[in-house]
Each structure stands twice: as C-alpha cells, then as structure tokens.
Amino acid sequence: MVQYLIELELAPLAPTFLVGAFFYIFATNWPRQKTWARSITCAFVLAVAVRYLVWRFFYTVLPHPADGSFAFIWTWTVFFVELGAFADILLFLVVMSRSVDRSSEASRLERTFFARPKAELPTVDVFIPTYNEPLDVLERTIVGALALDYPRDKFKVYVLDDKRRDWLKAYCEEKGAIHVTRPDNSHAKAGNMNNGLKVSSGEFIAIFDADFVPYRNFLRRTLPFFTDPTIGIVQTPQHFFNKDPVQSNLSLEKVWPDEQRLFFDEMAASRDAWDVSFCCGSCSIARRAALDVIGGFPHDSITEDLLTTLAMLNKGYKTRYLNERLSMGLAAENLKGYFVQRGRWCRGGIQTIYLHNGPLRGPGLSLFQRVMFLPLSWLMQYTTRFVILVVPAVYLWTGAAPLYFTGTQDIVTYQLPVLAAYFLLMGWLTPTRYLPLVSSAVGTFATFRMLPVVVSSVIKPFGVPFRVTPKGSGNEENAFDAYTFFSIAFWIAVTVLGLVINIVPEWSRIGEGEFSIVSAYWAALNVLVLMVAALICFEKSRPLLDSFATDEPARVVTANRAVEARIVSLSLDRGVASFAADPGLRPGERIWIEMERFPHIEGTVEGLTPGRRRGPTCLRFSYTLEGDCRDAMIVRLYTGQYSQDIRDIDKSAIVGGLWHRLFGRGGSYDPA
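Report follows, based on the coordinates. This structure is a prediction, so every number in the text was calculated from the model and none was measured.

Regarding the overall build of the chain
From N to C terminus, the chain includes 22 helices and 15 strands. Here the C-alpha coordinates of the chain stretch approximately 85 × 65 × 50 Å along the principal axes. When contacts within the chain are restricted to residue pairs at least 6 apart in sequence, those whose partners lie at least 24 apart make up 77%. Accessible surface for the chain amounts to roughly 29500 Å². Of this, 59% is attributable to carbon and sulfur atoms. Taken together, the 68 basic and 65 acidic charged side chains of the chain have centroids lying 2 Å from each other.

What follows is the structure, encoded as structure tokens:
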C-alpha cells in the first residue's frame, strides 16, 4: 500500500526527472560550443515545450465552455500570451542552437592583412558622436581613439559635436582630433554621423559612442574581416568599466555581471553563426562603400544601428560579430539613464516593423532573416512577465483560473518539466550569466516602466524624440524610483491579501479546487521575486570614476624616505597602495608614487587601513593629473590592460547577499 502511494505521488514527476536526467547525463558532458550538442539540447527543450503547449490547448483551453464569461476570456487571453512567449522561445532556441567564435579567424586574417606594406593599408575615420556629454566622459574616448595601434597617417578621429561647444573645439584642437559641427540637429545621431560622412573620406568608419574607449588593438582585430567584400559591418561586444544600477542597487557588484552580458557574450555570437548578427552602434566598424550604397545611416528609426544592418542586408552585405573585448564604456549610471536607454532600444526595435526597410517590408531579405529581425522579444518579454505576475492575484480575487483546470497532477506532469527544461538550458548555455531568481527579479523590475513603452510604441510608434542616455558629471542624482517601488508594493499587497482572505472560509473568493494549491505556491514565488525587484528601486551612490584593480610594484617616496609597495587600485584621481608593514604615513602627507608602467604621481594620503592578522596595510591616496600625464594614465587604464569582468558567479554569495538585504538586521554583508 505504501509503495502504491509513493508510485502515485511520484508518477507525475517522471517527466521532470527525465528532463533532469537528460541534462545531468548528456548535456552537461557535451561540449557547449559544438553545434551538434547545442542543436540536440535545444531540440529536446523544444519537444518538452511543444508537449506542454499541446496539452495546454487541447485539455485546458479548448474544453472551456464558450459562455462569454470573464473566466472564459481570461483563459484565452493568458493562452494567447503563452503562444507569443512560445514563439519568442522558439526563435531563441533556433538561434542558440549554433554559436561561432571568430577569434582564430581574426588572428589568421590579421597576420595576412598587416603583412602588406604600410602604404597599402586602408584609411579609417573614427567617429565619436556627442551631444551633451561632459569632458570627464569625452576625454577618455578622444584620448583612447587617438592612441589606436594603427599608422597615424592612416586614421583620423572626428568628434561630431551636435551641441556646438567652443570648449570641446579647443580640446580637440589641443589633442589632434577634428571637431565637426552642423547648423541643426536634424535626425539626431544618424543625422550627425551622416554629416560626418560628408566631411570625411576614410575607406572605413569606426564608431564609438562618446562614453566608449577603444582598445589600442581595435582596428588590428576588426579591419582584416573586410578582405571579404560582402562584409559591411563588424560589431564587437560592449563591456563596461563601471557597475550598472541593477548590480549596484542589489549590492552584487562583485558577484553578478551586468545585464548586457547575456546578449553580448552568448546571443550575439549565436546570431552571427546564422548570419543574422546586427550592428549595435558603438564599438563597430563599417565599410564606407556599403554605407554609400544604402545612402548613409538610415534615420527612419531612433535605432539607426539596427536599420543600418537591415539596409545592408537588403543590398547583400553581411554583419560579422567578433566576440572579443576591444573597448570599454560607461553603463547607465542610475535608473533614470537605465530606462532612457532601454526605452529607446525598445521603441526603436518596434518601429522597424512599420518601416519600408524593416523586417516585414524590406526588399532583399530572406524569410529567415525577416523572422529573426522581428522585435518579438521586445513585444513579449514584459507582457509575459506581467501576466505571470497577475495570474495568481486574479485567481485569488475573482476565482478565475488561467486554464480550464484538470488537476494538480497534470500541471506537475506538463508544466513543471517545461520550467525545469528552460532553467537547466539557460544554466547550460550561459553558466556564468544566468540565475533564475535574480534574472526574474530584474525583468520584473523593468516591466513596470517598459510595458507602457511597448504598448505606446505599438499604438503610436513615431513622434517620440531621440533621447541621449545621461552620463558623466552632472548626472550624479541617485533618486529613489518611487513609481516602480509603489507598483511593486501594490502587487505584493494585492497578492498577499488575496492569500489571506482565502484562508478565512467566510471571505474566500475561490471555490474548492486544486488550482488553489498551485496558485498559493505561484503567489509566494511572485512575492519573493517582487521583494528582490523592490531592492533595485533604492539607488546607491556610486563614484564618478570607478577604480581598476591593479597589481603594480611601486615606490612610495616621501620627503625623507622611500617605501616599497604594490598599487592595488587606480583611477584617474585616486588609488590604493598595499604595504607589508605600516609605512608610517599619516593623512594629509604629500607622497610621490613611482611605477614602472605608469606615470609617476604626486599625491596626498587620504587614510590608512591597518592589516588584519598580519595582513598588508592599505593606504588610500588622491591626486590630480593634467596634460600628458593624464592622457598617459587614460591610455594605460582604459585601452586594454584592465577590465571589470565578473567571469563567474558565486551563487551562494548572491543568495546570501539578497537574503541579508531582505531580512538582515544590522551589520553589513560583503558578498565577495
């Protein structure tokens, strides 16, 4: 009898066990980058999803009486959203079933390309479009671009200034860059770069947003791809030297990567394997002849980079993606900038479906290309997250389930395997870029501001002006995101109260049924995700200039002695030195720091931290750099020697940090 009951309870879990066994026995032992392994794994997950969808339609939607009731309408509404989500996942599985790493190809092409005489190398124009960025942002980009490892007579740096600033003109003249203005700001960034095309003549155009610093080897790694005459654009990933507001506000700066790593590290390389990679604007280089063929940078959409890709595909050109860190930029520094940026990307992507040169009507595109460039992810990701959020609340308050319910066992048999398959797939494909709780919380947090953008973009796609992401000095405001926080608080309250009132029989809004068990678990999980999302709303102050971790031998010299040290952190205005013993220095004392690979620095001691358990003593110092010394420091720090990468995620540290933020009392928690 006991064995019978055990079999009865465990039987519905058999499909989930099968999914787990597949990943444990096969997928985790397969080479993740091999096409055959990715294809089999993605096909397996697709089969699990199709099985669920067939059950969902024939057993939980179609049998619902067509009585026109709210329950009937709600059931079909949720199902249609699921169909959209399924289509989005289908495209994701197709794309991720392949991947390509072009680094070895780049190395082979580089050897051949640069074996030719210097006089035969092509000319390059570096465009830096700018609108209102301050000098502390622009100087890094300009100085870094001028330091590119390429014959100096073969490239020019153009600062395309749409704000027509005299101080920027003077700075460009001092550094050797070309300052370009125009009489108006028509067509925003695309118009600015088209004006740059008129005054320049290089065979190739490298583009860096005002806050992105190219690494010195950028041209050496990207230019050789253009020996193939069909290549119109080479795109590289966007990396950042500061922490985005999501990382910072969750206090996960040291253990959780920035939000864009999933796309640039994984998805972009997979799209390239299918020849549907696209230009992301900054950190790219384009063939001028291809730009001439398409009439310059398109300005019909506020995302000119995506339209440039589509226009080139229309003419037979391709985009290549080289997944190498070849630049560093400034991530959105606060939530205001975060949503300005995401809102522009979202609206611009949706605009393309209305355009004559977009994926639906653009000439010269194959059916596969049209499908792969549909903005389905923008349309569905926030819609789906919102429905996931409200389904249990709607049931708890109205009794309307999202399906014509057949039994808890059926949900365990059909729906649980899909969730397990998706989470395990993401963990396999992106082992250092995905964690269900954090990823879900970030998506939920963004939903409250991004879903209105999606709806308004579908109804009225045009008429909203191009907005530059605010960055740099003057952008230090770290305001509490009250709108998102109170939206989250509202749904937490609605969900929790819905659970409470249904505990009391006299207040219960739902009849007897097994879905109440499922909805209780679902509601509890939603509340947990919402609580983590709420933490993101509280902005934390961040330094204007982020420091880089270093390990440089140095001599710290005072007026009467010198002490050996190691410089363990540097920025453009401060650093940290480590000593084996107390150096005997005091705050306010003047010091000189001598390093072999850096400019010598004159600074002031800011403070000391004594070592623990015979550990090193750390000394904080500040300094002011000017002229050639500051330029040399910029080149050293920002053009390829250092990074802020988080190469792996510490799951226990992340969970511990979030638990402390949510439920901790006093003290501090360091997830590192």
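A look at the pairing of strand β4 (residues 204-207)
Alternating positions in β4 separate into two faces, F204 and A206 on one and I205 and I207 on the other, with burial throughout. Across 4 bridges, strand β1 (residues 124-130) lies against β4 in parallel orientation. Across the sheet, the residue bridging to D125 is I205, located in β4. In terms of strand pairing, β4 meets strand β7 (residues 284-287) through 4 bridges, oriented antiparallel. Following the sheet pairing, I205 is matched in β7 by A286.

Notes on unusual backbone geometry
For A188, which is not glycine, the phi torsion reads 50° and is therefore positive. Tracing the sequence through the fold places A188 in helix α8 (residues 188-199). Backbone geometry at S251 places phi at a positive 60°, although glycine is not the residue there. Examined against the element boundaries, S251 turns out to sit in the loop between α10 (245-249) and α11 (261-273).

Here we look at helix α5 (residues 103-113)
For α5, every residue scored as buried is listed here: S103, A106, L109, E110 and F113. Burial along α5 is one-sided: seen end-on, the buried residues are contained in an arc of 125°. Relative to its buried face, α5 has exposed residues pointing more than 90 degrees away, namely S104, R111 and T112. In this structure, the buried residues of α5 make contact with α9 (218-222).

Quick word on a nonpolar patch on the surface
On the surface, a cluster of nonpolar side chains totalling about 470 Å² of accessible area is made up of V50, V54, F58, Y59 and L62. With respect to the helices, strands and loops of the structure, F58 is situated in helix α3 (residues 35-61). Relative accessible area serves as the criterion here: at 48%, F58 is assigned to the partly exposed category.

Focus: the sheet that holds strand β11 (residues 562-570)
Pairing within the closed barrel is antiparallel, and its 6 strands lie in the order β10-β11-β12-β15-β14-β13. For this sheet, the mean inter-axis angle between neighbouring strands, taken without regard to orientation, is 45°. Alignment of β11 against strand β12 (residues 574-579), held across 4 bridges, turns out to be antiparallel. Each bridged residue has a counterpart across the sheet, and for I567 the counterpart in β12 is A577.

So, the environment of R98
By the secondary structure assignment, R98 is in the loop between α4 (70-96) and α5. Take R98: its relative accessible area is 31%, and that puts it in the partly exposed class. As for R98 and I510, which are separated by 412 residues in sequence, their C-alpha atoms are 47 Å apart. With sequence-adjacent residues up to four places away left out, R98 is seen in contact with T35, R38, S270, A273 and W274.

Some details on the side chain of T384
With respect to the helices and strands, the residue T384 is situated in helix α16 (residues 376-398). Overall, T384 belongs to the buried group, its relative accessible area being 18%. In this structure the side chain of T384 is engaged in a polar contact, spanning 2.8 Å, whose partner is the backbone oxygen of M380. Excluding its chain neighbours within four sequence positions, the residues that come into contact with T384 are V81 and A85.

With respect to the packing of aromatic side chains
Using the criterion set out here, one finds 44 aromatic pairs in the structure. Between the aromatic rings of F339 and F445, the centroid separation amounts to 5.5 Å while the plane-to-plane angle is 40°, which identifies the pairing as tilted. Of this pair, F339 sits in helix α14 (residues 335-351) while F445 sits in helix α18 (residues 436-459), and the two are 106 residues apart along the sequence. Using a relative accessible area of 12% as the deciding quantity, one classes F339 as buried. Classification of F445 as buried rests on a relative accessible area of 0%. An aromatic cluster of three or more residues is present, and its members are F22, F23, F26, W30, W36 and F44. The ring of W274 is capped by R98, whose NZ or CZ atom sits 3.8 Å from the centre of that ring. Lying over the aromatic face of Y131, K163 brings its terminal NZ or CZ to 5.0 Å of the ring centre.

So, the pattern of salt bridges
Opposite charge on two side chains lets them pair, provided their charged atoms get close. Evaluation of the coordinates by the stated rule reveals 27 salt bridges. Residue E110 is joined to R220 by a salt bridge in which the shortest nitrogen-to-oxygen separation is 3.2 Å. Taken together, the positions of E110 in helix α5 and R220 in helix α9 put the pair 110 residues apart, joining distant regions of the chain. On the basis of relative accessibility, which here comes to 24%, the residue R220 falls in the partly exposed class. In this structure, R574 and D573 form a salt bridge, with 3.5 Å as the shortest nitrogen-oxygen distance. Within the structure, one salt-bridge network assembled from shared partners comprises R102, E105, D272, D275 and R320.

Regarding the sheet that holds strand β3 (residues 178-180)
Two orientations exist for strands paired in a sheet by backbone hydrogen bonds: parallel and antiparallel. The 7 strands are arranged β3-β2-β1-β4-β7-β6-β8 in an open sheet whose pairing can be described as mixed. Looking at the sheet topology across the chains shown, the edges are occupied by β3 and β8 (318-321). For this sheet, the mean angle separating the axes of adjacent strands, direction not counted, is 25°. In this fold helix α13 (residues 304-314) packs onto β6 (231-235), β7 and β8, with an angle of close to 150° to the strand it touches most, β6.

Side note on α14
Between its terminal C-alpha atoms α14 stretches 24 Å, which fits the 24 Å expected from 17 residues at 1.5 Å a residue. Burial of α14 is extensive: 15 of the 17 residues sit out of reach of the surface.

Some points on the nonpolar core
Counting residues in each nonpolar core, the largest one holds 101 residues, and the members touching the most others are L250, L425 and I654. The greatest single-element share of this core, amounting to 11 residues, is contributed by α16. If we ignore the near neighbours within four places in the chain, the residues touching L250 are V438, V532, L535, I536, L658 and R661. Ranked by size, the runner-up nonpolar core spans 72 residues in total, among them A106, I142, F204 and M595.

Rules used throughout
Residues numbered from 1 in each chain as written. Predicted model: local features only at pLDDT ≥ 70, side-chain atom pairs only at ≥ 80, totals over all residues. Heavy atoms only, no water. Helix = DSSP H or I, 4+ residues; strand = E, 2+ residues; numbered from the N terminus. Contact = heavy atoms within 4.5 Å. Areas by Shrake-Rupley, 256 points an atom, 1.4 Å probe, with all protein chains shown as cover. Lys, Arg positive; Asp, Glu negative; His and termini not counted. Charge placed at Lys NZ, Arg CZ, Asp CG, Glu CD. Buried < 20%, exposed > 50% of the residue type's maximum accessible area, 1.4 Å probe, protein only. Pairing = 2+ DSSP bridges. Arc of directions from axis to C-beta. Patch = residues over 30% accessible without salt bridge, like charges linked within 9 Å, V, L, I, M, F, W, Y side chains within 5 Å. Salt bridge = Lys/Arg side-chain N within 4 Å of Asp/Glu carboxyl O. Axes fitted to C-alpha atoms, helices over the stretch in contact; angles between N-to-C directions. Polar contact = N/O pair within 3.5 Å; in protein donor to acceptor, adjacent residues only side chain to side chain. Phe/Tyr/Trp six-rings, centres within 6.5 Å; stacked < 30°, edge-to-face > 60°. Lys NZ or Arg CZ within 6 Å of the ring centre and 35° of its normal. Expected span 1.5 Å × (residues − 1). Core = buried A, V, L, I, M, F, W, Y, C linked by side-chain atoms within 4.5 Å.

Interpretation in functional terms is not warranted from these geometric data alone.
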